[in-house]
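The residues making up each chain are set out below.
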Amino acid sequence: MSNTRRLRTRVNGERAESEVEPRLLLSDYLRHELGLTGTHVGCEHGVCGACTVLFDGVPQRSCLILAVQAENHEITTVEGLASGPEELHPLQQAFWEKHGLQCGFCTGGILLTLIPFLEENPDPSEDEVRLALSGNLCRCTGYQHIVDSVLHAAESMR
Amino acid sequence: MKPAAFDYVAPDSLEEVLAVLAEQGDDAKILAGGQSLVPMMNFRLAQPTLLVDCNRLSELDFVRAGEGGSLHIGAMTRQRRVEQDPLVARRAPLMHGTLPYVAHPQIRNRGTVGGNLAHADPASELPVIALARDFEMRLQRAGSERRVAAKDFFIGLLETALEPEEMLTEIVIPPLAPRTGWGFTEFSRRHGDYAQVGVAALVTLDASDVCRQARLVYLSVGETPTDAPRAAQLLVGTSLDEEAMQAAADMAAEHEIEPSGDIHASEAYKRHLARVLTVRVLREANERAKQAGG
């Protein structure tokens, strides 16, 4: 069972190197090998969006990528968003101010989906924000405060 | 919810991929974007012995203008890139207009055109577009290539004309005839979910706005993307008035699709949806055809 491969990748700007089985999912690699438990695992079939990370800067589902596929690629997780331990990314700040989360399970995936969205669409309409959120499930908030947070962040980031 | 163990290779060239398939095709499974395959592996609905990761094949990542207004797309081109390519918008407007309906942006960021087509899910949008626009599918095996029309490519539920030693490497989209309009729409409970019914329409008009050619293709109403040639034939020779569109919609919904009921929608409801969406999409196609040049 031990057909492992060497994996060299960069996560949140730092080099990471491990021996992994090909069947290890990127989501599990981040959580169990690197201890980056901010990447949450909800459905494990690409529906809920909680495990979304940036793969070379682009939001993708880490439960639908094998860890070995991250070889020589750059991964950003929710832990890599703020510039320091006492800082918040403007979108994180907006979620805090506008009550954009309750339990927080879906929040990391939403942040990593919406940050590139806001970079491409600095002045989105409410409908555009709702569409951009359609691949991320939240079971607490009813989305209203999430939408408020994103619109507030867009304003503060412009 | 974790994949069973498998052997894994990630070749750097198509030649190497085809060599692996030639030797171990029966046991091998190609990993493209993995947005359908990996969920199936997580559920252990798929347990390949050998996974051939094609994500390093940059030679299959391209969008190229072909002769006479045609368009070539490499199988490993990400859906999101195709969606944002201005050449695709010009030469394959139906595909361009339909890609935003494919799952979510996070999925399209990784999912590939070739992977989606080779997966042949009848609920998926791209196979419908492939059939409606008569895509040519280029299939390679070590040392040879064959070209298969979309209508001969999709042969069953998740089943295509691909042999175990073959890989879908490229698609070719023919140019649209002058004065051709297109439309696509679908109904799903949430944006990005699998649609209950969807339909693509193409209509070609003559100089006096009479319909000379028409095509209607449906998703989620059978085991493969479903053509409705009799409905389309009812449109030819008409000026695409409401009555003609309604007659075509009735024909397709009653006689040419075979939807099965599920927890969200009964068979009767899906036929009703097909009828309503057909008229809607034909109106759109007609408007676009009237504006189209040529």
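On a predicted model such as this, the values are computed, not experimentally measured, just so you know.

## Quick notes on the sheet that holds strand β5 (residues 74-76) of chain A
Whether parallel or antiparallel, the strands of a sheet pair through hydrogen bonds between backbone atoms.
Residue and element names in this part refer to chain A.
Stage number 1. The five strands are arranged β2-β1-β5-β3-β4 in an open sheet whose pairing can be described as mixed. Of all strands in the sheet, those bounded by a partner on one side alone are β2 (14-20) and β4 (58-61). Between one strand axis and the next, the sheet turns by 40° as a mean value, whatever way the strands run.
Stage number 2. With two bridges joining them, strand β3 (residues 52-55) and β5 adopt antiparallel strand pairing. What sits directly across from Leu54, in β5, is Thr76.

## Things to note about the interface of chain A and chain B
Stage number 1. Facing 23 residues of chain A, the contacting portion of chain B comprises 26 residues.
Stage number 2. No other element matches the four residues that β4(A) contributes to the side of chain A that touches chain B.

## Describing the confidence of the model for chain B
Stage number 1. With 99% of its residues at a pLDDT of at least 70, chain B reaches an overall mean of 97.
Stage number 2. Per the prediction output, this complex has pTM 0.96; the corresponding ipTM is 0.95.

## Digging into the packing of helix α2 (residues 90-97) of chain A against helix α3 (residues 107-120) of chain A
Between two packed helices, what matters for the description is the angle formed by their axes and the separation of those axes.
All names here are of chain A.
Stage number 1. One can describe the packing of α2 onto α3 by two numbers: an axis separation of 10 Å at closest approach and a directional angle of 125°. The angle between the axes of α2 and α3 places the two elements in the oblique class. The hand of the α2/α3 crossing is right-handed. For the pair formed by α2 and α3, the contact residues are Leu91, Gln92 and Phe95 on the first element and Thr107, Leu111, Leu114, Ile115 and Leu118 on the second.
Stage number 2. Of the residues contributing to the contact of α2 with α3, the split by class is six nonpolar, two polar and no charged.

Definitions and limits used
- Residues numbered from 1 in each chain as written.
- Chains lettered and ligands numbered in written order.
- Predicted model: local features only at pLDDT ≥ 70, side-chain atom pairs only at ≥ 80, totals over all residues.
- Pairing = 2+ DSSP bridges.
- Helix = DSSP H or I, 4+ residues; strand = E, 2+ residues; numbered from the N terminus.
- Axes fitted to C-alpha atoms, helices over the stretch in contact; angles between N-to-C directions.
- Contact = placed C-beta atoms within 7 Å.
- pLDDT = per-residue confidence, 0-100.
- Parallel < 35°, antiparallel > 145°, perpendicular 65-115°, else oblique.
- Left-handed = near helix turned anticlockwise from the far one by under 90°.
- Nonpolar A, V, L, I, M, F, W, Y, C, P; charged D, E, K, R; others polar.

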